[in-house]
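Spelled out, the chains give:
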Amino acid sequence: MTSAAMPDLFDRLAIVMAHPDDEVLWACSALRAAERIVLVYGELKCGPKLSEGRRAAMAVFPLPTLDWLEMTESGSFDSASWRNPKETEYGLYLHRSLRVMYSFDPDRYRTQLAELQARLRVSLKGVRNVIAHGPWGEYGHEDHVQVFRAVAGLAPEMGFRLWVPGYYAPKSEQLMLRNLRYLGRPTAPLPIDRALAEEISRIYKRTDTWTWFDSYVWPETEQFLPYHPEGVRAGATVADIQRIALPAEYETTRRAQLNWKRELKRRFLSWKNRRAAG
């Protein structure tokens, strides 16, 4: 793609993603165009092997535009009341009764937004466009939603335009629908850079830091949608957000691994949130 053909999205572009491997999963088509690729998290206290592997992976990342903040994760994964989580100014409300990870630290999650924004003020200085996670976190990850909140909160102050990837999964569908009114019309479909996707995913797999499905196949194209905090009248529709192609065995495996006592708590909390939201 020549510079004359590049969409406005690529003008002074930065990409901000939570974890190493998110960038190649949710913004692969834009990686080569980005002036900066900001990856937020490094250490996971309950995963020393993952933490060490990330250091190895980041040392051989193939693009020179990498800016790795190496912040410590809060162990937030899957502790919100999906499919109807409670949104907060710092991300999503985390329930202690739904914790999964041994390093679960809701206090860190709640307070680290300010630290993240302070770091991003440096990383995003001078950019005009930023791709970050969506307000529903693509497939539904609490860290993704917090990164979105951090970047969205800086957009008016720093004057950049925020774009989010057009991906969702069943887990995050209700939160996506809740936030659809804030999204404008998407970009034209942008082709996935398959050679780069393969190169980067091989690095993560070799260092045992690939957190997605080994059998995952990228779509042919992806789109990004502009975020408007004031809302838009004639903006995006459900058809503009593509459902993530999960493996055929995903649902069977997920159900087999469920802690049903925990799942019943989640369903009750999700029902309460949905009822409170009307």
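See the structure shown above.
Every value quoted in this text rests on a predicted model; they were computed, and no experiment measured them. Throughout this description, residue numbers start from 1 for each chain and increase along the sequence as written. Where totals are concerned, whole chains, interfaces and linings use all residues; where local detail is concerned, this predicted model gives features only for residues with pLDDT of at least 70, and gives and counts side-chain atom pairs only at 80 or more. Calculated side-chain values reflect all of the structure's heavy atoms, with hydrogen atoms and water omitted.

### Details of the layout of surface pockets
The criterion, for reference: Detection works on a 1 Å grid of protein atoms alone, calling trapped sets that fit a 1.4 Å probe cavities and calling open sets with protein on both sides within 12 Å along at least five of seven lines pockets, with lining residues defined by an atom within 4 Å of a point. Grid points are joined across faces, edges and corners, and a volume is the space filled by probe spheres set on the points. In this text, helices come from DSSP runs of H or I with a minimum length of four residues, and strands from runs of E with a minimum of two, each type numbered from the N-terminal end. Gly falls in the polar group here, along with every residue not listed as nonpolar (Ala, Val, Leu, Ile, Met, Phe, Trp, Tyr, Cys, Pro) or charged (Asp, Glu, Lys, Arg).
As a volume, the largest pocket reaches approximately 1400 Å³. Around the largest pocket, the lining is made up of 38 residues, and of these Phe77, Asp78, Lys171, Tyr250 and Arg254 lie nearest the centre. Going through the elements one at a time, α2 (48-59), α7 (250-256) and α8 (260-276) are the ones with two or more residues in the lining of the largest pocket. In terms of residue count, α8 provides more of the lining of the largest pocket than any other element does, five residues in total. Residue composition of the lining of the largest pocket, by class: 15 nonpolar, eight polar and 15 charged.

### Let's talk about the packing of aromatic side chains
For the record, the criterion: Between 30 and 60 degrees the pair is tilted, below 30 it is stacked and above 60 it is edge-to-face, where a pair is any two Phe, Tyr or Trp rings, Trp via its six-membered ring, whose centres lie within 6.5 Å. The buried label goes to any residue with under 20% of its type's maximum accessible area, the exposed label to any with over 50%, and the partly exposed label to all in between, with areas taken from a 1.4 Å probe on protein chains only.
Under the criterion given, the structure shown has 14 aromatic pairs. When the centroid spacing of 5.2 Å and the interplanar angle of 65 degrees are considered together, the rings of Trp26 and Tyr167 count as edge-to-face. Taken together, the residues span a long stretch of sequence, with Trp26 in helix α1 (residues 22-26) and Tyr167 in strand β8 (residues 167-168) at a distance of 141 residues. Judged on exposure class, the residue Trp26 and its partner Tyr167 are both buried. Taken together, Trp26, Tyr139, Tyr167, Tyr204, Trp210, Trp212, Phe213, Tyr216, Trp218 and Tyr250 form an aromatic cluster joined through their ring pairs.

### Remarks on the pattern of salt bridges
Worth spelling out the cut-off: The rule for a salt bridge is simple: a side-chain nitrogen of Lys or Arg has to be within 4 Å of a carboxyl oxygen of Asp or Glu.
On inspection of all chains with the given rule, the structure shows 21 salt bridges. Asp240 is paired through a salt bridge with Arg185; the nearest N and O atoms lie 2.6 Å apart. Placement of Asp240 in the loop between β11 (224-226) and β12 (242-243) and of Arg185 in the loop between α5 (173-179) and β9 (190-191) is noted, with a sequence separation of 55 residues between them. Linked through salt bridges whose partners overlap, the residues forming this network are Asp78, Lys171, Arg262, Glu263, Arg266 and Arg267.

### Side note on unusual backbone geometry
Between Trp82 and the following residue, Arg83, the backbone shows a cis peptide bond with an omega angle of 15 degrees. For Arg83, the location among the structural elements is in the loop between β3 (66-71) and β4 (87-88). Of note, Asp21 is a non-glycine position whose phi angle comes to about 110 degrees, a positive value. With respect to the helices and strands, Asp21 occurs in the loop between β1 (13-17) and α1. Asp21 gets classed as buried once you look at its relative accessible area, which sits at 0%. Look at Asp78: it is not a glycine, yet its phi comes out positive at around 65 degrees.

### Here's the deal with the nonpolar core
The condition that has to hold: Only buried Ala, Val, Leu, Ile, Met, Phe, Trp, Tyr and Cys residues count toward a nonpolar core, and they belong to the same one when joined by side-chain atoms within 4.5 Å. Whether two residues are in contact is decided by their heavy atoms, any of which lying within 4.5 Å being enough.
Ranked by internal contacts, the top residues of the largest apolar core, which has 44 residues, are Val16, Leu120, Leu124, Val130, Val151 and Leu183. Broken down by secondary-structure element, the contributors of at least two residues to this core are β1, β2 (36-41), β3, α3 (106-123), β6 (129-132), α4 (142-158), β7 (161-165) and α5. By residue number, the principal contributor to this core is α4, which donates eight residues. Non-local contacts of Leu120, meaning those with residues more than four positions away in its chain, are made with Val16, Val38, Leu69, Ala150, Val151, Leu154 and Met158.

### What to know about helix α6 (residues 194-206)
For clarity, the cut-off: Every helix has an expected span of 1.5 Å times one less than the residues it contains. This arc is built from the directions going out from the helix axis to the C-beta atoms.
With 13 residues, α6 extends 18 Å from end C-alpha to end C-alpha; this agrees with the ideal 18 Å at 1.5 Å per step. For α6, the set of buried residues is Leu196, Ala197, Ile200, Ser201, Ile203 and Tyr204. Down the axis of α6, the smallest arc covering the buried residues is 150 degrees, so these residues share one side. Turned more than 90 degrees off the buried face of α6, the exposed positions are Ala195 and Arg206. Of the surrounding secondary structure, the elements contacted by the buried residues of α6 are α1, β2 and α2. Phi for Asp208, located one or two positions after α6, is positive at around 60 degrees.

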